[in-house]
Structure formats: C-alpha cells, structure tokens
Amino acid sequence: MTRQGNDRLGGPRGAEQGRSGPQGPVPAEAPRGAVDGGAVGTLVATRDVSRQTGERPTPGDSPPDRASRPPRAVRPAEASRRRWASERPQASRGRWPSRLPWVSRRDRGGTSPAWSPAGLRQARRGMVRRIPYPRGLSPRGRFPRGGRAMGAGAGRAGAGRGRSARGDVAGPDARRGGRNPALDGVRGLAVLAVLVFHMDSLRGGHLGVDVFFVLSGFLITGQLLAEWDRSGRVSFARFYLRRVYRLLPAFLLLVLVGATSVVLLGLGADGAGGADGARSEFLRSLAASMLYVNNYLQVTHQSTGAGWLGHTWSLSLEEQFYLLWPLLLVVLCRWGRLARRLPAVLLAGAVAVLLWRDLLIAHGASGRRMYFALDTRADALLVGCALAAWLRVARTGAAGEDAGSLAWRRRLDRVRSALPVLGPLALALLTVGALTVPADWGPNPSWLSHGGYTAVALVAGLLVLALELGATSSWLFRGLAVAPLAWLGRISYGLYLWHFPVVAYWGTDLSGALGRWLAIVVVALISVALATASYYLLELPIQRRRPGTARRQPSPVPVPVPVHIGRRDVAEKWGAAAGRVG
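Residues numbered from 1 in each chain as written. Predicted model: local features only at pLDDT ≥ 70, side-chain atom pairs only at ≥ 80, totals over all residues. Heavy atoms only, no water.

Some details on the overall build of the protein chain
We count it as follows: Numbering of helices and strands runs from the N terminus; a helix is a DSSP stretch of H or I covering at least four residues, while a strand is a stretch of E covering at least two. The cut-offs for exposure are 20% and 50% of the maximum accessible area for each residue type, with area from a 1.4 Å probe on protein chains only; residues under the lower value are buried, those over the upper are exposed, and the others partly exposed. Whether two residues are in contact is decided by their heavy atoms: any pair within 4.5 Å suffices. For the accessible areas, the method is Shrake-Rupley and the probe is 1.4 Å, while residue cover comes only from the protein chains on display.
A count of helical and extended segments in the protein chain gives 23 helices and 2 strands. In the protein chain, buried positions account for 48% of the 582 residues. A separation of at least 24 residues holds for 68% of the contacts in the protein chain among residues at least 6 apart in sequence. Of the accessible surface of the protein chain, which amounts to about 28900 Å², a share of 59% is contributed by carbon and sulfur atoms.

Set out below in structure tokens:
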C-alpha cells in the first residue's frame, strides 16, 4: 500500500503505542476518525474477538486477519456517517431542534459527532429528557442554536418569547401561559395608584392610567404582529371577539348593579338634583360608555356617572384604540417600506401627537381636552406599540435580515447593556411622578400637556423593556413578579371597575370614621373582594367558553429512528422510547 494509504489507516494513539496494522505501522499524523473500510474492519474484528474471549488486546498484539472475522457484515463507519448525514435534516438551518438524536453535539457547540459512542450516549440522554416539548422548545425555553423554533411565528414579540435575541434568560415563568408576571406586577401597582388617587391621597396617582396605556399598546401590538408573522394576516373577527369576551362581561355586571342601585333604588341621590338628577346623570354616562365615547363626554361635561361610570372614560379611549389600531397596523405591514421601519414610524406618530397638543393649546384648548381625548393621549399607546414593533424587528427581522433590521438589533443591544440601571431608574421616576405630579384636567393645561405625557410614556416604556429583556434574577423583576402583586395585576380590570363606586359611596365616610390610610386599606379590601368574585365567577368561566379557546394537545415531534449507525438495537430502542415519551 502506498504512503497515502498508510496515512488513512489510524491515528496518533495507535502510533504512540507501537500498534502495527496488516500493511505496516500507522503514522501519527493521521487525523482522528479518518479511517477507511479496511481499518474499520480491523478494529471491529479486534473488538469481536475480545468479546468472544473476554480478553482485552494488548498494544503489541496484531489483530486477526480478515479471514478470521465473524461472518456478520459490518458497514464501514465512514460510509455510515456519510449516509446518515445525507438522510438527516439540516439542524443548523433551524428546521429541527438540536435535541433530537440525529443532531450531533457539534451543532450545539460540542465536539462529539452523533455517530461516535459519546455522541450516541448524549443523544440518548437528550431524547429521554427533551422530546415532549412542542414547537422546538427545550425545557429551558431556548430556541435551537442556529435556527428558529418550529412555526413561523413561534416565540416572537408578545407572546412570546422565552429568551432574548442574545440568549439572555427571560425567566422560567415569564412566558408560561403567554404572561410576564413582572408586567402583571406593574399593572397591579398602577391600579393601586389610581385607587389611592381617587381617595385624594396620592397627588400623581393618575399616572397609573398612562402606564395602562403603554402596556395596552405593547401587548396588543405584540399579539397582532405575532399573528401577522405566523399566518401573513390578522383576523379582525377573532381579535374583536377576544376583546368582547374579555371586557364586556365585567362591565355589564357593573352596569347591572349600578342601574339597580341608582335607577331602581334611587341610591346616590345626595347630589344636586336628587334622585332624578342622579338617574339622568347615570343614564347619560351609561349611553356614552356603551357607545365608547365617554372620554369625549368628559371633555364637554365632566361627570362621575352618579358615582358609577365616571372612570370608564379610559375604557372608552382604549376601545377606540382597539377599533382603529388593527386596521392601521395591517396597512402599515402591507406597505413594505413602512413595515421595515415600523418602530420609527410609530415613534414619529407619538411625536406628532405631542405637536398636535401644542397646536391645540395655542388655539385655546382646555386641559380637559388634553387629558380625555384619544387624539391627545395616543402618544402613550403609540410608545407601547413602537416598543413591541422594535422587539419584533430586532429579534426576527420584519422582512428578513436586511440592513434596517440589523440596525434596530444593534440599537437594542446597546440599550440592553444599560437595562440593569435604566429599569430601576424608570421605576423610581414613576414613583416620584406619582407623588408629585398634579392633575391636568382643569381649564388651563399644565406642563404635562407640553410634552409631559410623552415623557411619562417613554419612562413607562423603558420599565416595560427592562422587565421584558432583563434577567429574571434581578431584584427588579423578582420584586414586581412576586405572587400577590402579579395576581393583583391579573384581576386589575375588575379592580379598576369596582374601586370607583366603592370610593364614591363609602370613601368619605370611612375616612371620617377610621382615618385616611386605614380607610384606604378598607376600600382596597372591599374592591379586591368584588374584583375577585367578578374574575373567578364571571370573567374566567365566560372566557373559557369563548370559541377557539379549547386547549389543543401538542402534536408529537416526529423522531426518525436511526438504523444505519452500526448499533441497530440501541437506536430502535431509543426510537420506541421517544414514541412513549411523546
């Protein structure tokens, strides 16, 4: 055999030990694993003889010749490896998760190939432990290295999302059920701030409504963009049906109890006009709330709705947003240039709202016009929308990995490094604002109308970004995701609805009898009790009966059974185990 043939026979280990093959010594410079059929036959024969005799060959022994081999045909390892590599899908392109047995450890950053004994052991451990998880997600919620999760829109903004673009953990529970417990905690703090504000004990507690607006824009836009990326369209019927099932049951219960108290029983008749005045005020606010124009009613005639519906102006404003925003978003996504620059377009819209307020103030608009109208408060919603669009473009690219997507990703990486400082700073600024910022619905607009609302929205958006991308081990995330506060955020809609009549009917009397802060605690407990009953007895059962909410069983991940790797019995056993686990 030529020197070229000798170079292919063995590796450094055989040369160092003085082992000689049938054609001569094995050179030390041959790469490990680069063997031909003859060498494999020699090694397999040596292994089979050692199995039959129970003796281990010494380094100086010569292996038996080819004629002494058992009659069982053994496929050469190199040919088996090539055939196996040609048959398996390319995991490096993200078509399959890297936890399946036919993906080598090298695809996950290791060194052992799948056809080696070490690779087979690793594949076996990986199959038993990781097979049942759908959509290509491992137990840690991480996408396969080098690819996306199964499904076009899996793990994208909003819903998403177990790890960030750079692999930072977003939390073991942050994506369970599509909810981020820290964002629920922010919502719980916001609704408590509004409650204390209505008890005349927190000067800037109305900023909790601005936080609600930012969260609404962020979450709704994330859901719509995820659906667009997943299917190439947005189902308006499904979206509006979800909104109806989510918002109407608790609101109709409030209306029913309020109508019974005011219209039938004549409660709340202490104001001007007596019982008739309370009934007319309630019915006027009810009509405006049912038509979702209560915010513009507050601009012309500020009313508490006989103590029941004065706070529903924010619900009317959000319903107007829900009605218009999906249509506008689809138009933007269909327009290629705007779709690639969607975060910048939305931020420009927030700046346009700021300039529009200044223009209205220059023409004599009042503070009520600035505070209650959609066109003057949409900047907070647009900041949340821009944040969701930014995360979506930076993580997956709006139309591929073009220069615009990479630029947004680089910006996000620069911001990410500062989030451990910016997140707590944003929370501190919101706390200071809740303690010091005055209300702005008087006849003369305050500094909030001159850019203050936009600044508050940006600070709230920074807090949302820190909780969405920051590490879950940080004290900020753990403090806001604490179970009682996150649960309060989940029932925050009912708490917002019911706290207003509780404050209107019992707040003053309790403050006089118990003192201000003890009265706040009692009002909060009563409101939480009513919201809990509404959530568990009415809202959840109705949402579970919504069409399309039946939980689908995840389809088992298809696992090909390897039969050409030299260990047929072990591979078939692994395939059967995968079928049982899946």
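Re the nonpolar core
How we decide: We define a nonpolar core as any set of buried Ala, Val, Leu, Ile, Met, Phe, Trp, Tyr and Cys residues linked to one another through side-chain atoms lying within 4.5 Å.
Membership of the largest hydrophobic core comes to 98 residues, with the highest contact counts inside it found for Trp325, Leu346, Leu463, Leu465, Leu467 and Leu480. With 15 residues, helix H16 (residues 374-396) is the largest single contributor of residues to this core. Residues in contact with leucine 465, not counting those within four places in the same chain, are Leu387, Trp390, Leu391, Leu412, Val415, Leu419 and Gly470.

Notes on the packing of helix H14 (residues 342-362) against helix H18 (residues 448-469)
Which entries qualify depends on this criterion: Between N-to-C directions, angles cover 0 to 180 degrees, with each direction set by a line fitted to C-alpha atoms, over the stretch in contact for helices. Oblique is the label for every angle not falling under 35 degrees (roughly parallel), over 145 degrees (roughly antiparallel), or within 65 to 115 degrees (roughly perpendicular). Helix crossings get a hand from a simple test, with the near helix turned counterclockwise from the far one by less than a right angle marking a left-handed crossing and a clockwise turn marking a right-handed one. Amino acids are sorted into nonpolar (Ala, Val, Leu, Ile, Met, Phe, Trp, Tyr, Cys and Pro), charged (Asp, Glu, Lys and Arg) and polar (every other residue, Gly among them).
H18 packs onto H14 with a crossing angle of 160° between their chain directions and a minimal axis gap of 9 Å. With respect to H18, the axis of H14 lies roughly antiparallel. Note that H14 runs across H18; the crossing there is right-handed. Residue-level inspection shows Leu354, Arg357, Asp358 and Ile361 of H14 in contact with H18, the latter providing Leu448, Ser449, His450, Gly451, Tyr453 and Thr454. Residue classes in the contact of H14 with H18 are distributed as 4 nonpolar, 4 polar and 2 charged.

Details of helix H12 (residues 313-334)
Note that an α-helix has 3.6 residues per turn; residues three or four places apart therefore point the same way. Threshold: What a helix is expected to span follows from its residue count: subtract one and scale by 1.5 Å. The angle between axes fitted to the seven residues ending at a residue and the seven residues starting there is what we call the bend at that residue.
Here H12 contains 22 residues, and its C-alpha end-to-end distance of 32 Å stays within 8% of the 32 Å for a straight helix at 1.5 Å per residue. Within H12, the axis deviates most sharply at tryptophan 325, by approximately 30°, and proline proline 326 lies no more than four positions further along. The element H12 is extensively covered by neighbouring structure, given that 16 of its 22 residues are classed as buried.

Examining the pattern of salt bridges
Note the cut-off: Whenever a carboxyl oxygen of Asp or Glu lies within 4 Å of a side-chain nitrogen of Lys or Arg, that contact is scored as a salt bridge.
Applying the stated criterion across every chain yields a total of 10 salt bridges. In this structure, arginine 416 engages aspartate 413 in a salt bridge whose closest nitrogen and oxygen atoms are separated by 3.8 Å. Linking arginine 416 with aspartate 413, this pair stays in helix H17 (residues 403-436), spanning 3 residues, or about one helical turn. With a relative accessible area of 6%, arginine 416 lands in the buried category. What makes aspartate 413 partly exposed here is its relative accessible area of 24%. Within this structure, Arg179, Asp184 and Arg187 form a network of salt bridges that share partners.

Quick notes on the side chain of aspartate 379
We apply this condition: As used in this structure description, the phrase polar contact means that two N or O atoms lie within 3.5 Å; if the pair is within protein, one of them must be able to donate a hydrogen and the other to accept it, and residues adjacent in sequence are counted only when both atoms belong to side chains.
Note that aspartate 379 resides in helix H16. By relative accessible area, aspartate 379 is classed as buried at 0%. Within polar-contact distance, the side chain of aspartate 379 engages the side chain of arginine 357 at 2.9 Å. Discounting residues that sit within four places of it in the chain, aspartate 379 has contacts with Ala350, Val353, Arg357, Tyr453, Thr454 and Ala457.

Focus on a nonpolar patch on the surface
Put simply, the rule reads: Patch construction takes residues with relative accessible area above 30% that form no salt bridge. Like charges are linked within 9 Å, and nonpolar side chains (Val, Leu, Ile, Met, Phe, Trp, Tyr) are linked within 5 Å.
The grouping of Leu514, Leu518, Val521 and Leu525 at the surface amounts to a nonpolar patch, some 360 Å² of accessible area in total. Broken down by element, the residue count for the nonpolar patch peaks at 3 residues, all from helix H22 (residues 516-544).

With respect to the packing of aromatic side chains
Here is the rule: A pair of aromatic rings is counted whenever rings of Phe, Tyr or Trp (Trp by its six-membered ring) have centres within 6.5 Å, and the orientation is called stacked for planes under 30 degrees apart, edge-to-face for over 60 and tilted otherwise.
One pass over the full model with this rule turns up 15 aromatic pairs. On the basis of an interplanar angle of 55° and a centroid distance of 6.4 Å, the ring pair of tyrosine 371 and tyrosine 453 is categorised as tilted. Highlighted residues: tyrosine 371 in helix H15 (residues 367-372) and tyrosine 453 in helix H18, separated in sequence by 82 residues. Overall, the relative accessible area of 3% leaves tyrosine 371 in the buried class. Judged by relative accessible area, tyrosine 453 falls into the buried class, the value being 0%. In textbook terms, an aromatic cluster arises when at least three aromatic residues are bridged by ring pairs, as seen for Phe197, Phe213, Trp313, Tyr371, Phe372, Trp441 and Tyr453.

Examining unusual backbone geometry
Its identity as a non-glycine residue notwithstanding, aspartate 200 has a phi of 60°, on the positive side. Here aspartate 200 is to be found in the loop between helix H6 (181-198) and helix H7 (207-231). A residue is classified by how much of its surface remains accessible, and aspartate 200, at 66% relative accessible area, is exposed. Of note, the phi angle at alanine 306 is positive, near 60°, even though the residue is not glycine. Locating alanine 306 in the fold gives a position in helix H11 (residues 305-308).

Observations concerning the packing of H7 against helix H8 (residues 236-264)
Here H7 crosses H8 at 150°, and the two axes come no closer than 12 Å. Judged by the angle between their axes, H7 and H8 are roughly antiparallel. Of the two elements, H7 crosses H8, and the hand of that crossing is right-handed. Of the residues in H8, those touching H7 at Ile220, Gln223, Leu224 and Glu227 are Arg238, Phe239, Arg242 and Arg243.

Points about H8
Of all the bends in H8, the largest measures some 35° and sits at leucine 248, one to four residues before the proline proline 249. Taken as a whole, H8 has its buried residues at Phe239, Arg242, Arg243, Leu247, Pro249, Ala250, Phe251, Leu254, Val255, Gly258, Ser261 and Val262. Looking at the buried residues of H8, the elements they touch are H7, helix H9 (274-290), H11, H12, helix H21 (492-514) and H22.

A look at the environment of leucine 485
Structurally, the position occupied by leucine 485 is in helix H20 (residues 483-490). When the C-alpha positions of leucine 485 and leucine 189 are compared, they lie 7.5 Å apart, and in sequence the two are 296 residues distant. Once you skip the residues sitting within four places of it in the chain, leucine 485 turns out to touch Asp184, Gly185, Gly188, Leu189, Gly479 and Leu480.

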